[in-house]
Structure formats: structure tokens, C-alpha cells
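# Analysis of the macromolecular model
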Amino acid sequence: MTRLHSGNRLFAEAYRIAPDDDGKCPIRDVLDRVGQKWTLLILINLEAAPQRFSALQRQVGDISKRMLTQTLRDLERDGMIARTVYPTKPPAVEYALTDLGRSALHPIAALSTWAEENHASIRAARATFDAA
């Protein structure tokens, strides 16, 4: 596989792998998780400090307990967050970013900035498209 370099272009050809080669394409394998709506919101909310489950649910807003639980498990499995259980009654559980999770914040911040800068243009394009 050849890795091509460019400041402004994504060379997807370098990573094109047949759909039945699940897990071998780094773009598909990693962005499948990171590109999920809840993943981004959880990582952003864990940036400042570790959080308990209920605090994360309040901060994210409209996420169900089931979806929050599943997303946290997936992020822990991928090594993006760490789960710590404290021996209290009832047990307290806290979630924190790992070094890997923290390293994802830079590209997430760039994407968030792009989204903020282009939100009005995207909404206008949608309105134009929907009106046609």
C-alpha cells in the first residue's frame, strides 16, 4: 500500500480495500467509531476532566442510558477511555480519556471548527436543495 502525501487532498485510493476485509482498512476501522455522533460528544465532554455516568448523560443531553453505556464500552474497548470503579457503596464509576483518546481531540477540534465555520452555508445549501 502506497502512502501519498498532500496538504489538502485525501488519497482514499491508498486505503481502498474490499468490503469483506473487515478491520484491515485503517480509515474504515477507526473512523467507523470516531465518526459516530455520540462518540464525538462523549470525547469532547471528557476533555476537561473525568466524569461519572450521570454527569456525562446530563452533558450530552438526549442520549439514552443504553446508548451511553454501549458507546462508553466501545470507547473503552478501543482504548480511548478508561473506566475506574471506586469501592464505595454504591460503587462509583468514573470515565476518563486515555492518552489515545486525548490524541483524538486535536483532529476533532479541527473538524468542530470547520463545522462551526460552515454551518450556515450547509444549512443554506440544504434549504436550497429541499426547496427545489
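Because the structure is a prediction, the values reported are computed rather than measured. (Residues numbered from 1 in each chain as written. Predicted model: local features only at pLDDT ≥ 70, side-chain atom pairs only at ≥ 80, totals over all residues. Heavy atoms only, no water.)

### Remarks on the overall build of the chain
- Secondary structure summary: the chain contains six helices and three strands in total.
- Relative to its 132 residues, the chain shows a buried fraction of 25%.
- Of the contacts formed within the chain by residues at least 6 apart in sequence, a portion of 39% connects residues at least 24 apart. (Helix = DSSP H or I, 4+ residues; strand = E, 2+ residues; numbered from the N terminus. Buried < 20%, exposed > 50% of the residue type's maximum accessible area, 1.4 Å probe, protein only. Contact = heavy atoms within 4.5 Å.)

### A closer look at the packing of helix α2 (residues 37-45) against helix α4 (residues 65-77)
- Viewed as axis vectors pointing N to C, α2 and α4 meet at an angle of 75°, and their least axial separation amounts to 10 Å. Between α2 and α4, the interaxial angle falls into the category roughly perpendicular. Within the contact between the two elements, α2 uses W38, T39, I42 and L43 and α4 uses M67, L68, T71, L72 and L75.
- Here the contact of α2 with α4 is built from residues that sort into seven nonpolar, two polar and no charged. (Axes fitted to C-alpha atoms, helices over the stretch in contact; angles between N-to-C directions. Parallel < 35°, antiparallel > 145°, perpendicular 65-115°, else oblique. Nonpolar A, V, L, I, M, F, W, Y, C, P; charged D, E, K, R; others polar.)

### Description of the sheet that holds strand β3 (residues 92-97)
- An order of β1-β3-β2 is seen for the three strands of this open sheet, with the pairing classed as antiparallel. This sheet does not close on itself; its edge strands, each paired only once, are β1 (51-52) and β2 (81-86).
- In the sheet, β2 pairs with β3 via six bridges, with the strands oriented antiparallel. Within the sheet, the bridge partner assigned to A82 lies in β3 and is A96. (Pairing = 2+ DSSP bridges.)

### Remarks on unusual backbone geometry
- Cis geometry is found at the peptide bond from K89 to P90, where omega equals -10°.
- As for its position among the elements, P90 is in the loop between β2 and β3.

### Points about α4
- An ideal rise of 1.5 Å per residue puts 18 Å on 13 residues; α4 measures up with 18 Å between its terminal C-alpha atoms.
- Contacts made by the buried residues of α4 are with α1 (26-34), α2, α3 (53-60), β2 and β3.
- Once α4 finishes, G79 follows within two positions and takes phi at roughly 80°, a positive value. (Expected span 1.5 Å × (residues − 1).)

### A closer look at the layout of surface pockets
- Volume-wise, the largest pocket comes out at about 350 Å³.
- Taken together, V30, L31, V34, G35, L40, M80, L100, S103, A104, P107, I108 and L111 make up the lining of the largest pocket.
- Going through the elements one at a time, α1, α5 (99-103) and α6 (105-131) are the ones with two or more residues in the lining of the largest pocket.
- Split by residue class, the lining of the largest pocket holds ten nonpolar, two polar and no charged. (1 Å grid on protein atoms, 1.4 Å probe; cavity = no way out; pocket = protein on both sides within 12 Å on 5 of 7 lines; lining within 4 Å. Points joined across faces, edges and corners; volume = space filled by probe spheres on them.)

### Focus on the nonpolar core
- Grouped together as the largest cluster of nonpolar side chains are 19 residues, with contacts concentrated most on I42, L43, L46, L72, I81 and Y95.
- For this core, the secondary-structure elements that each account for two or more residues are α2, α3, α4, β3 and α6.
- Those residues within four positions of I81 in sequence are excluded, and the remaining contacts are L43, L46, L72, L75, E76, Y95, A96, L97 and T98. (Core = buried A, V, L, I, M, F, W, Y, C linked by side-chain atoms within 4.5 Å.)

### Quick word on the environment of V30
- The topology assignment puts V30 in helix α1.
- Spatially, the C-alpha atom of V30 lies 9.0 Å from that of D78, the residues being 48 residues apart in sequence.

### Considerations on the environment of L72
- Tracing the sequence through the fold places L72 in helix α4.
- In sequence terms L72 and W38 are 34 residues apart; their C-alpha atoms lie 9.3 Å from each other.

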